[in-house]
Structure formats: structure tokens, C-alpha cells
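The primary structure of each chain is shown beneath.
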Amino acid sequence: MRDVAIIGAGVSGSACARELSRYQLDICVIEKEEDVCAGTSKANSGIVHSGIDAAPGSLMAKLNVQGNQMMEELSKELDFPFRRNGSLILCFDEADRDRLMELYSHGEKNGVPCEIIEKEQLKKMEPNVSDEAVCAIYCPTGGIVCPFGLNIALAENAAVNGVEFLFNTQVLTITKIDDGFRLTTDQGDIEAKVVINAAGVHADTFHNMVSTRKIHIMPRRGEYCLLDKSAGTIVDHTIFQLPGKFGKGVLVTPTTHGNLLIGPTAIDQEDGDLTATTRDGLDEVLKKSLKSVPDLPLRSVITSFAGNRAHEDGHEFIIEESADAPGFVDVAGIESPGLTSAPAIGVMVRSIVAEILHPQENPDFISTRTGILNPKHLSEKQYARLIKEKPAYGNIVCRCEMVTEGEIIDAIHRPLGAKSLDGIKRRTRAGFGRCQAGFCSPKIMDILSRELGISQMDITKCGSDSKLIVDVTKSSVRDEGEES
């Protein structure tokens, strides 16, 4: 029997795994997809929220502020991209100033540094914002993070510290047993003393299997557009609009990698696995983003995507041991600002589990992690020396993002290494550029095939049934004995 089984390898589950690996515990993370960061965590704004808009006194507000405060030091420990660029919340009508002041009051109550700035100062800070903006709230602690980088870093560090990740494993049912829980999966049964339910949009399903106090999560789809790096400097801060009923509205923000991101929409739907974009949704993103920044170069959009937020009916994080199912710990309703809050969520869950199991500390815990080497950060001499030692770093595979074969090889062979095109993409950015993997996919497939020792016919875009080669129409190798 395991000590702890965590359902879900998104950013919350991975944060919990990393924090719990500080103890001498037998821990596994159960993930239905082929990789970490394959659900909600892969499709979000990458914003480190200041915490200004969360309801004062809520758990959401508390963990948002704590996670924000932890992010910079964590980025240094675990080597993932983060920048504290600050955020601006625009007010477009004097009639809405009272609502803006109410939001400002929320920030003060939540302990968030913020100030009201008028139009003249706003335009000095962001010359490209709309002339219609009459004032704004400036939050200097707002930031941007690579959501893949954070999730993967947490998971890799957990794995190095002994946590086992079970991919392609779907939990079907959970039942109480005398000393814990039995999780029936499509790969066999797993028994654990403690279960951590970090299943995102499906967390209510698992909670309701063991508790009489039912919860309900509504998947809320958000659609985005990503613009080319040529548009990446049109704003420097993250630009929000005054929030409405369905959240923080459409934002305009730079990314840690130099692109520009706009979105999301907020559409409630029953299917938590439906992540298709829609024409109406993308039109809404484009229209509303122009309200904040009228001169957005929308012809520079290189891709669009959608993700689902786990919106709990009470709009609050549920992080607690179930009262009628001892040992079952919910990490449910983790919608925005869930990414920001993840480090603090991990610490909170660690405290809950410590009270249940009273574990011993892990004396061999490794708190740091080194990410994939990026040659672009080296000096010319250092890069020349690297190529001499490891020639693969001199072979450019992805021309848009200038990703080398050496980086891809590293992504494959490091802890919890990439097994698919999307796995490579999220770890190295190969395929993230203007051509959206149009040129580099065949070469990446060749490298994956060679390094993993598998046929290219077994390589997928993102696991499951997403194979890129479905049949062979003509053999590229002559039959033995055939005359040349």
C-alpha cells in the first residue's frame, strides 16, 4: 500500500508531489495522459496574479498572495522562466470608477501593493493602451510565468526526490477500505493511505465517490490567441479590463518567451475534455482585446487554443480533508488564480498530510533543479566550446525558435522526459514559432525515434490516439535481394 496517491499531474498535483517529497513517504502521481501539464495547466494565461480581485478573507485570496510571494524564489530554485512585469487594470468610463475603487479596496484588504493611476501616468507607462482608458489600478507585484516551465519543474523535482509518476493511467473508481482507499484504474488497482484529489475539471467526480457532501465543478472554457514575437513588445505590463461576472475578462500580456497573448473567453460547458476553439469565441477575443490596445497587429496571430478552468459553484478553492472520508484530501475548484497559487497549495497540502500521517522528514531532499540548457543564453565563446564538446548543440532543428538537437535530446532523457511532439514543444519550444511545427516536426520525430528506440509510427503528437503516421503507402527500403 502506498502512503499517498495523487490524482492529476497538473500544476497543483505536481506542487503537492514536490512538497510531500520532503518527507519519507511512498508517493505516486496518477495521470491519465502521457505527460505532465497535459490538461488545464497547459492552456492558461501564464499570469502570476497580484491577488487584488480575490474576495477578501477567502482561501483563494490567501493562497494567491502567498503563491505570488513564493514565485520569484521558486523560479530560481527550480530554474523556470518568470518575470515580475506588473499589471494594469483599465477603467474606460468615469461611471465605473466606483467599481474600480471597490477593487482597489479588495487589494488593500488582501495585502496587495497597488495604486490608482490617472490617464496621463497610464499613457506614460503604456503608450499603446486605448485613449478611452480614464484611469487604472497598477499592481507592481503582478508577473508572468511559463506555465509549462513551472509545472514541469515541480514534477521533475518531485521525481528526483522519489515520487513515482504513473502516466497513461486513468482512475475509474475510488472506494474506502479499512486503512485507506482503493483506486481502480485501467492499469490495475492502487491502494493508498491518503488520496490527494487534484483532478482539475474532474475533481468533483472523485470527491463525490467518497463523500456525502457533494460538490459541483463546471468546466469553463477559455479561448486565446497567441501572436508572433514581432508583436511581443507592444505592451510591457499585463493589461486587464475591469473584471465582470465571469472573471478578469480579456487580457493583453507579453509572455516570458517574447510573444503576445490575448484572451480568454469564459464559456461554461458540461464536457471537461472539450477544448476546441470556436469562430465566435476567437472573434470575441479579438474584439475585446482591441478595446484595451487598439493597434494590436492581429495579422501576427500564429495560433489559437482553448483550455478549461475548474469553476466550482461557490467560486472558491476547496483544499481540505473530507470530513466523512478521512485521508481523502481535496484540491478542487482550482481555477484562476490557481497557477499563481500552486506553490502555496503545495505547502498547504503538505501540512494537511503531515497531520494525517506524521511522516519523517527526508534528509536527502533536493530542493533545486537545473532546466534544459538554452544556448542562446551563452556567450559566443561558451557556445563554441559547447558545440565542440557536444556537436548536437550546433544543429538547429526548429528554425523559428532556434532550438537545437542538443536541447531536444536533453528534453527526452531528463527526469520525466518527453515522449511526444507536444512533450518536446512544452520543454524546448520547438514547434512554438511562426510556422507552428510545419518544418521541424519530421526532424523531431526522427530524434524521438532514435533516442527512444521506437518506430516513427509509434510517435504521437500528445499520446493516446494522436499518432502522426497512420499507415505506410510505399516502402522506403528495398526488399532484400531486389536488384538495384
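Residues numbered from 1 in each chain as written. Predicted model: local features only at pLDDT ≥ 70, side-chain atom pairs only at ≥ 80, totals over all residues. Heavy atoms only, no water.

## Points about the overall build of the protein
Inclusion rule: Runs of H or I in DSSP of at least four residues are treated as helices and runs of E of at least two as strands, each being numbered from the N terminus. Put simply, the radius of gyration uses C-alpha atoms, and a globule should come to 2.2 Å times the residue count raised to 0.38. Exposure categories follow from relative accessible area, calculated using a 1.4 Å probe and restricted to protein chains: below 20% of the type maximum is buried, above 50% is exposed, and the middle band is partly exposed. In this analysis, two residues are considered to be in contact whenever any of their non-hydrogen atoms come within 4.5 Å of each other. For this count, His and the chain ends are skipped, Lys and Arg are scored as positive, and Asp and Glu as negative. Where a charge sits is defined by one atom per residue type, namely NZ (Lys), CZ (Arg), CG (Asp) or CD (Glu).
Secondary structure assignment for the protein yields twelve helices and 22 strands. Relative to the compact-globule value of 23 Å for 484 residues, the protein shows a C-alpha radius of gyration of 23 Å, a close match. Across its three principal directions, the C-alpha atoms of the protein cover 85 × 60 × 45 Å. By residue count, 54% of the 484 residues in the protein fall in the buried class. Contacts in the protein between residues far apart in sequence, at least 24 positions, make up 71% of those at least 6 positions apart. Averaging the coordinates of the 52 positive side-chain charges in the protein and doing the same for the 70 negative ones gives two points 5 Å apart.

## A short note on the packing of helix H2 (residues 59-78) against helix H8 (residues 338-357)
What counts, and what does not: Axis definition: a line fitted to C-alpha atoms, over the contacting stretch in the case of helices. Angles run 0 to 180 degrees between N-to-C directions. Between 65 and 115 degrees an angle is taken as roughly perpendicular, under 35 as roughly parallel, over 145 as roughly antiparallel, and anywhere else as oblique. Side-chain classes are defined by residue name, with Ala, Val, Leu, Ile, Met, Phe, Trp, Tyr, Cys and Pro counting as nonpolar, Asp, Glu, Lys and Arg as charged, and the others, Gly among them, as polar.
Contact geometry of H2 with H8 gives a least axis separation of 6 Å together with a crossing angle of 95 degrees. Between H2 and H8, the interaxial angle falls into the category roughly perpendicular. Here H2 contributes Leu-59, Met-60, Leu-63, Asn-64, Gln-66, Gly-67, Asn-68, Met-70, Met-71 and Leu-74 to the contact with H8, which in turn contributes Leu-339, Thr-340, Ser-341, Pro-343, Ala-344, Ile-345, Val-347 and Met-348. In terms of residue class, the contact of H2 with H8 is made up of twelve nonpolar, six polar and no charged.

## Let's talk about the nonpolar core
Soluble globular proteins: nonpolar side chains tend toward being buried together. To keep it simple, the criterion reads: Take the buried residues of types Ala, Val, Leu, Ile, Met, Phe, Trp, Tyr and Cys, join any two whose side-chain atoms come within 4.5 Å, and each joined set is a nonpolar core.
Core analysis: the largest hydrophobic core is formed by 45 residues, its most contacted members being Val-4, Ile-6, Leu-20, Val-36, Phe-165, Ile-196 and Ile-319. If one sorts the elements of this core by residue count, H8 sits on top with six residues. With residues up to four places along the chain from it excluded, the contact list for Phe-165 reads Ala-9, Ser-14, Val-29, Val-36, Ala-155, Ala-158, Ala-159 and Leu-416. Membership of the second largest hydrophobic core comes to 24 residues, among which are Ala-5, Leu-183, Ile-217 and Ile-318.

## Comments concerning the pairing of strand E1 (residues 2-7)
Keep this limit in mind: Strand pairing follows a simple DSSP-based rule, namely that at least 2 bridges must link the two strands. Looking down the strands as they point away from the viewer, one classifies a crossover as right-handed if the path from the first strand across the helix to the second runs clockwise.
Burial analysis of E1 places six of its six residues in the buried class, which makes it a mostly covered element. Taken together, the five bridges between E1 and strand E12 (residues 188-197) define a ladder with parallel strand orientation. In the sheet register, Ala-5 faces E12, and the bridge partner there is Val-195. Where E1 meets strand E2 (residues 27-30), four bridges bridge the pair, whose relative direction is parallel. Paired with Ile-6 across the bridge in E2 is Val-29. One crossover worth recording links E1 to the parallel E2 by way of helix H1 (residues 11-20), and it is right-handed.

## Quick notes on H2
Going by this rule: Note that bend, as reported per residue, equals the angle between axes fitted to the 7 residues terminating at that residue and the 7 residues originating from it.
At Met-71, H2 is bent by approximately 40 degrees, the largest bend along its length. Here H2 has its buried residues at Leu-59, Met-60, Ala-61, Leu-63, Asn-64, Val-65, Gly-67, Asn-68, Met-71, Leu-74, Ser-75 and Leu-78. Considering only its buried residues, H2 is in contact with H1, strand E3 (47-48), strand E4 (82-83), helix H5 (147-160), strand E19 (318-321) and H8.

## Digging into the side chain of Gln-241
Test applied: Any pair of N or O atoms that falls within 3.5 Å is considered a polar contact. Within protein, one atom must be able to donate a hydrogen and the other to accept it, and sequence-neighbouring residues count only if both atoms are side-chain atoms.
By secondary structure assignment, the location of Gln-241 is in strand E14 (residues 238-241). A distance of 2.8 Å separates a polar side-chain atom of Gln-241 from the backbone oxygen of Lys-288. Within the structure, Gln-241 has its side chain in polar contact with the side chain of Ser-292 (distance 2.9 Å).

## Observations concerning unusual backbone geometry
The omega angle of the peptide bond from Gly-263 to Pro-264 is -5 degrees, so this bond is cis rather than trans. By secondary structure assignment, the location of Pro-264 is in the loop between strand E16 (260-263) and strand E17 (267-268). Each neighbour pair has its own omega, and for Ser-336 with Pro-337 the value is 15 degrees, a cis peptide bond. Along the chain, the position of Pro-337 falls in the loop between strand E20 (328-332) and H8. Notably, Leu-416 is not glycine yet its phi reads approximately 55 degrees, a positive angle. Examined against the element boundaries, Leu-416 turns out to sit in the loop between helix H10 (405-413) and helix H11 (421-428). Its relative accessible area of 19% is what places Leu-416 among the buried residues.

## Structural notes on the layout of surface pockets
As a reminder, the rule being used: For cavity detection a 1 Å grid was placed over the protein atoms alone, and a set of points counts as a cavity when a 1.4 Å probe fits there but cannot get out; an open set counts as a pocket when protein lies on both sides within 12 Å along at least five of seven lines, with lining residues being those that have an atom within 4 Å of a point. Grid points are joined across faces, edges and corners, and a volume is the space filled by probe spheres set on the points.
Empty space within the second largest pocket amounts to approximately 650 Å³. The element contributing the most residues to the lining of the second largest pocket is H5, with four residues. Partitioned by chemical class, the residues of the lining of the second largest pocket number nine nonpolar, seven polar and eleven charged.

## Examining H5
As a reminder, the rule being used: Expected helix span is taken as 1.5 Å per residue step, with the number of steps being one fewer than the number of residues.
Between the first and last C-alpha of H5 there are 20 Å, a value that for 14 residues agrees with the 20 Å anticipated at 1.5 Å per step. With twelve of 14 residues buried, H5 lies mostly within the body of the structure. Considered for burial, the residues of H5 that qualify are Pro-147, Phe-148, Gly-149, Leu-150, Asn-151, Ile-152, Ala-153, Leu-154, Ala-155, Glu-156, Asn-157 and Ala-158. Contacts made by the buried residues of H5 are with H1, H2, strand E8 (143-145), strand E9 (164-166), H8 and H11.

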